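Below, each chain spelled out in residue letters.
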There are 2 protein chains.
Amino acid sequence: MGTTMDSPSQAWALRVPRLLCSLFLFLSLSTTARAATRRHEWEISYQFKSPDCMRKLAATINGQSPGPTIRAAQGDTVEVRVKNSLLTENLAMHWHGIRQIGTPWADGTEGVTQCPILPGEAFTYSFAVDRPGTYIYHAHYGMQRSAGLYGMIVVAAAPGGSDAEPFAYDGEHLVLLNDWWHNSTYELASGLAAVPFVWVGEPHSLLINGRGRFDCSAAVAGACNATLPECAAEVFAVEPGKTYRFRIASITSLSALNFEIEGHPMTVVEADGHYVKPFVVKNLNIYSGETYSVLITADQDPNRNYWLASNVVSRKPGTATGTAVLSYYGGRSSTWRPPPTTPPTGPAWNDTMYRFQQSVMTVAHPGHVEPPPAIADRAILLLNTQNKIDGHIKWALNNVSFTLPHTPYLVAMKRGLLGAFDQRPPPETYAHQGYDIYDKPPNPNATTSDALYRLRFGSVVDVVLQNANMLDANKSETHPWHLHGHDFWVLGYGIGRFDPAVDPASYNLKDPILKNTVAVHPYGWTALRFKADNPGVWAFHCHIESHFFMGMGIVFEEGIELVADLPTEIMGCGKTKGRH
Amino acid sequence: MGTTMDSPSQAWALRVPRLLCSLFLFLSLSTTARAATRRHEWEISYQFKSPDCMRKLAATINGQSPGPTIRAAQGDTVEVRVKNSLLTENLAMHWHGIRQIGTPWADGTEGVTQCPILPGEAFTYSFAVDRPGTYIYHAHYGMQRSAGLYGMIVVAAAPGGSDAEPFAYDGEHLVLLNDWWHNSTYELASGLAAVPFVWVGEPHSLLINGRGRFDCSAAVAGACNATLPECAAEVFAVEPGKTYRFRIASITSLSALNFEIEGHPMTVVEADGHYVKPFVVKNLNIYSGETYSVLITADQDPNRNYWLASNVVSRKPGTATGTAVLSYYGGRSSTWRPPPTTPPTGPAWNDTMYRFQQSVMTVAHPGHVEPPPAIADRAILLLNTQNKIDGHIKWALNNVSFTLPHTPYLVAMKRGLLGAFDQRPPPETYAHQGYDIYDKPPNPNATTSDALYRLRFGSVVDVVLQNANMLDANKSETHPWHLHGHDFWVLGYGIGRFDPAVDPASYNLKDPILKNTVAVHPYGWTALRFKADNPGVWAFHCHIESHFFMGMGIVFEEGIELVADLPTEIMGCGKTKGRH
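### Overview of the overall build of chain A
Now for step 1: Counting its secondary structure elements, chain A contains 6 helices and 32 strands.
Now for step 2: Whereas a compact globule of 580 residues would reach a radius of gyration of roughly 25 Å, chain A reaches 23 Å, a difference of no more than 12%.
Now for step 3: For the C-alpha atoms alone, the extent of chain A along its principal axes is close to 65 × 60 × 55 Å.
Now for step 4: Counting the 580 residues in chain A, one finds 63% classified as buried.
Now for step 5: The long-range fraction of contacts in chain A, counting pairs at least 24 apart against all pairs at least 6 apart in sequence, stands at 79%.
Now for step 6: For chain A, the exposed area adds up to about 20300 Å²; of that, 53% sits on carbon and sulfur atoms.
Now for step 7: The distance from the centre of the 45 positive side-chain charges to the centre of the 52 negative ones in chain A is 2 Å.

### Concerning the interface of chain B and chain A
Now for step 1: In this complex, chain B contributes 34 residues to the contact, which on the side of chain A involves 34 residues.
Now for step 2: Regarding the contact of chain B and chain A, the summed buried area is about 2900 Å², with carbon and sulfur atoms giving 63% of it.
Now for step 3: Its largest share of buried area at the contact with chain A, chain B owes to T88, Y186 and K577 of chain B, together 22% of the area lost on that side.
Now for step 4: Joining chain B to chain A, the criterion identifies 2 salt bridges.
Now for step 5: The closest approach of N and O atoms between E121 of chain B and K577 of chain A, which form a salt bridge, is 3.5 Å.
Now for step 6: At the junction of chain B with chain A, the criterion picks out 10 residue pairs in polar contact (both at pLDDT 80 or more).
Now for step 7: Those elements giving two or more residues to the side of chain B that touches chain A turn out to be β1 (37-49) and α3 (185-193) of chain B.
Now for step 8: If one sorts the elements of the side of chain B that touches chain A by residue count, α3 of chain B sits on top with 5 residues.

### Comments concerning the sheet that holds strand β18 (residues 306-313) of chain B
Neighbouring strands of a sheet are bound in pairs by backbone hydrogen bonds; such pairs are parallel or else antiparallel.
Residues and elements named next belong to chain B.
Now for step 1: Strand order in the open sheet formed by 5 strands is β11-β19-β18-β13-β16, with mixed pairing between adjacent strands. Each edge of the sheet is formed by a strand with only one pairing partner; in this case those strands are β11 (235-237) and β16 (283-286). Across the sheet, the mean angle from the axis of one strand to that of its neighbour is 20°, orientation sign disregarded.
Now for step 2: Across the sheet, helix α4 (residues 352-361) lies against β13 (256-261), β16 and β18, angled at about 85° from β16, the strand it touches most.

### Section: the state of the cysteines
Residues and elements named next belong to chain A.
Now for step 1: Scanning the model with the defined rule gives 6 disulfides over all chains in all.
Now for step 2: Two residues share a disulfide in this structure: C216 and C224, whose sulfurs sit 2.1 Å from each other. One disulfide, between C216 and C224, carries an S-S torsion of -70° and so falls in the left-handed class.
Now for step 3: Residue C224 is classed as buried on the basis of its relative accessible area, which comes to 14%.
Now for step 4: Sequence-ordered numbering of the disulfide-bonded cysteines in chain A gives the connectivity 1-5, 2-6, 3-4.

### Details of the packing of aromatic side chains
Now for step 1: Taken as a whole and assessed by the stated rule, the structure comprises 43 aromatic pairs over all chains.
Now for step 2: Plain terms: the ring middles of W42 of chain A and W95 of chain A are 5.7 Å apart, the flat faces sit at 40° to each other, and that makes the pair tilted. Of the two residues, W42 of chain A is situated in strand β1 (residues 37-49) and W95 of chain A in strand β5 (residues 93-96); the sequence distance between them amounts to 53 residues.
Now for step 3: Since its relative accessible area comes to 3%, W42 of chain A is described here as buried.
Now for step 4: An angle of 50° between the planes, with centres 6.0 Å apart, marks the rings of Y186 of chain A and Y46 of chain B as tilted. Of this pair, Y186 of chain A sits in helix α3 (residues 185-193) while Y46 of chain B sits in strand β1, on two different chains.
Now for step 5: Relative accessible area serves as the criterion here: at 12%, Y46 of chain B is assigned to the buried category.
Now for step 6: Ring pairs connect the aromatic residues W42, W95, F123, Y125, F127 and Y137 of chain A, which therefore count as one cluster.
Now for step 7: One residue, R55 of chain A, lies across the ring of F48 of chain A, its end atom 3.9 Å from the ring centre.

### Remarks on the nonpolar core
Now for step 1: Within the largest apolar cluster, 107 residues are counted, with the highest numbers of intra-cluster contacts made by W42, W95 and Y125 of chain A together with W42, M93, W95 and Y125 of chain B.
Now for step 2: Apart from residues lying up to four places away in sequence, W42 of chain A is in contact with I61, N62, P68, I70, V80, R81, V82, K83, M93, W95 and Y137 of chain A.
Now for step 3: Of all hydrophobic cores here, the second largest spans 67 residues; its members include L188, V276, L382 and I554 of chain A.

### Observations concerning the sheet that holds strand β24 (residues 453-455) of chain A
All names here are of chain A.
Now for step 1: What the 5 strands build is an open sheet, ordered β24-β32-β31-β26-β29; its pairing is mixed. The two strands at the open ends of the sheet, each matched to only one other strand, are β24 and β29 (517-520). Here the average twist between neighbouring strands, direction ignored, is 20°.
Now for step 2: Looking at chain direction, β24 and strand β32 (residues 553-558) are connected through 3 bridges and run parallel. Counted as the bridge partner of R454 is E557 from β32.

### Notes on α4 of chain B
Residues and elements named next belong to chain B.
Now for step 1: Looking only at α4, the buried set comprises T352, R355, F356, Q358 and S359. Buried residues of α4 fall within an arc of 160° about the axis and therefore sit on the same side.
Now for step 2: Looking at the packing, one finds that the buried side of α4 touches β15 (274-281), β16, β17 (291-297), β18 and β27 (488-495).

### Topic: the domain arrangement of chain A
All names here are of chain A.
Now for step 1: Domain boundaries in chain A define domain 1 (15-164), domain 2 (171-356) and domain 3 (370-568).
Now for step 2: Taking the mean C-alpha position of each, domain 1 and domain 3 sit 25 Å from one another.
Now for step 3: Listed as interface residues are 27 residues of domain 1 and, on the opposing side, 31 residues of domain 3.
Now for step 4: Counting the surface lost from both domain 1 and domain 3, the interface buries some 2200 Å², and carbon and sulfur atoms represent 62% of this.
Now for step 5: On the domain 1 side of the interface with domain 3, the three residues burying the most area are W105, V112 and R145, jointly 25% of the side's total.

Calculation notes
- Residues numbered from 1 in each chain as written.
- Chains lettered and ligands numbered in written order.
- Predicted model: local features only at pLDDT ≥ 70, side-chain atom pairs only at ≥ 80, totals over all residues.
- Heavy atoms only, no water.
- Helix = DSSP H or I, 4+ residues; strand = E, 2+ residues; numbered from the N terminus.
- Rg over C-alpha atoms; globule rule 2.2 N^0.38 Å.
- Buried < 20%, exposed > 50% of the residue type's maximum accessible area, 1.4 Å probe, protein only.
- Contact = heavy atoms within 4.5 Å.
- Areas by Shrake-Rupley, 256 points an atom, 1.4 Å probe, with all protein chains shown as cover.
- Lys, Arg positive; Asp, Glu negative; His and termini not counted.
- Charge placed at Lys NZ, Arg CZ, Asp CG, Glu CD.
- Buried area = accessible area lost by both parts, 1.4 Å probe.
- Salt bridge = Lys/Arg side-chain N within 4 Å of Asp/Glu carboxyl O.
- Polar contact = N/O pair within 3.5 Å; in protein donor to acceptor, adjacent residues only side chain to side chain.
- Pairing = 2+ DSSP bridges.
- Axes fitted to C-alpha atoms, helices over the stretch in contact; angles between N-to-C directions.
- Disulfide = S-S within 2.5 Å.
- Phe/Tyr/Trp six-rings, centres within 6.5 Å; stacked < 30°, edge-to-face > 60°.
- Lys NZ or Arg CZ within 6 Å of the ring centre and 35° of its normal.
- Core = buried A, V, L, I, M, F, W, Y, C linked by side-chain atoms within 4.5 Å.
- Arc of directions from axis to C-beta.
- Domains from an automatic or database assignment.

Structure, rendered in structure tokens:
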């Protein structure tokens, strides 16, 4: 395999880590021929953009939002030099779904795996993409993801290898879904942290590949222009009779979405980089942080076009359908015509069972089952509730609302900086017997903590996420939980209160799908299992950006003693100032 | 004198520097009795504010903008712990007019004297206030000053000492002038850096003590509320027959202002902390970064109130008069009534000579003349022009547009990190013979540089700032230049091109005023002299925030070898990462 060790441009590279990483790749992927290094140079800056026709300052990568798609083949190394050209704002970039085996310092999670990148500085992320599939990248600091810093990662399977795709198609399209506000992320965050709580409201628009359509008649004169090419709908060209793979990712800040291609049933074949036992849907529910691949066949009347539609589900929608166009005419040309229909509006927003059923239906492809360990060494039961702390509305797990420390755990633990965060172990469970998840939290007072869960290296861990009623009566939302550094088996879903004495009996141990992000449905629970076999420190949190900001997350540590020497580039903040 | 050495709360304090500083104070101010340490704890965060009735996210100190007034007595030590509770944004705070003798690391100038303070971190500024007078503090990073981080510093003279006030008054009021935009500073800065240049336009309002009045009928519904107490005009209470000192400071981002108290002539007695040979004005021209004290006597009809008015001069005004009220009734009570008149509108905005004459009139009080050295060791002639670099509009000095390095000079020079900035000396002069300052720049191409001027320690330096035409024909603006770490003698002003062979003969060497900020008038020049006797690295720049952002500044170094050991707290960025 090729390595980058003799590259001349290594000023910012992480030399030792890459060597270790290369060694790991060599050992584990030695069947893969011609692994390459895919280098990218990114400059992050604010630019005025009009993704939904409304002018707004957006955070961009090389002037673009979404950023460029990273394409690589299984076994490649991806190397991205991220230059911070923001004026006063720091930065960190996360590679969502990439497990960072051997490179925990490249996970890009501020406060967990690195200090942020200061204005004027650059940081080079270097990591192996060891599995094929559809992934995402996005900022992981403050609420910068909402500001526009996101894009897709597509890793091609090695043909003929054990991970080769168990399906065929003629062409491929990428669909990146998002929600969008005209408010700045500073305004969003300040409102969330205010007393009383100020909620910015439902998204102003839904974007497909960074393009949406806000109703300019509702805007201040001059700031909105419906004729800008920048906000023209994305067009996906198909040829009649051919089959296409659509790689679909959701990076929404808030919204659960339902995605539909008018008149074209979708066969789901991949979820979060794992092959799915194919099933057909009219439309796909997709939660923030999830990716899917679906196949469609262009078998409809080729004399017209069709809508791609993105609709809000799980919250009462206040945002117009996001649209794009499936074109049988060959793309964004003068012959392009809008579909003659109105865009699909998706299922009823509050039809939880509709979404629940798709979740349950998503299991591993028969040819690609990786059976989970039969028994867990440890089970953590997490009650997801809203709480109040000093008048601030927070999210909490077992009444502990998470706060990020300002010294990254990875450095703090490796260097023994015990004062950097709360050393007391966070709670493993809550008083579930008799707890009424359909009622408001009986104890709305929570504490904040930056304590983490220390996992025995190599142990098998179950986590059951229990959803419940929020502070307001008769309200429970969907929470997509994302785990860094791992995929987990999705063992089961339920509606109602999880009973540790009963419900594990219903776990799917036969063919559970591996995922990195999974939905916890309103008033429901989701059970997952993973092996703590990736040395490092890993965040696990609700992927709704405002929920994580409000405390809805935890952190795992495992095998810190096995982590190689840390690159000094991740240090420089908090207690790591001057420690190297 | 008292020191803080035995204070229990020193976790963040700069121990060694304070010791040196205290030593210095002891030696230089040993006549001052009972010097105290004035401690402040500040938390910086974004809050929604409506200073001019329009709701906007503002950067605040302990929830307030302007921040609290720092009051101290000559010889005191001021200690401010600045906690950064911004979400993703760094911070630095400058103490404008405080020379920081012995504490160059406490000047708060990001890129020059310190690395910025990261979110979640705190930095304690500790410095002596060795001279009485009226000063300002404000953020000195990016364009955070415009976001709301500013306030006043008032240092009382030691009664009976050599710096005792040569004037008397019955009461005192503080007037802090500003201009205000509803756009975020990110929007302002992104527009300034864009190609093509995007100018946000004239200020939305002028604030007096953080209070202004935007016309809500021009605003989006809901965001503007003219009845908010927060934006009610400030009221200054006076008793008939008494004399008041008004300490007036301007912290505008852009505007040159004219300040008037209707019907009350002002006797100017202090400028930038130095006593002025008293002169009477109907209204006072004040530029960003300047402070003045004036005396007025409440000798008008006490049965009505009077306007305080702030008007834009030097640029064609696009902003309503900023107002407050002088009340003979005793303040913000139910008996308060608006003045029966319309507020003063000030002099013609383009009457340069009116402003020029006030500048010339401002000389040292006869009892407080500090004569300048008769001859300078070095003279630097700086042509202030606009230029274009790669399509970006910039400001430049002798065709060099200044950029801040990301390693603070102070650390880079003390530690010999020569690669941290351009080592070539910047130009001492420009080709002035035959240069037509009334025409557009013949060479609009400039270079950027972060080179600095190294001054021989103890030498006497003259700087002549030459103003000229901008990129657009028939346009030249006023630039208020501010020097850190020093006061300078203002030797002279002129209109037209400065001739080094002729004009120095007209310098005022008899009673020039000492200032830290001085205006360079349209198409004019200003000559100043200072002693390079304060070990450290010091910025010298146009105090219009957007102009400095666009390159209108230089930096001086002097006596770096005499600077004491640097506190590690100022490090951690650029090449200072891991150097301590």
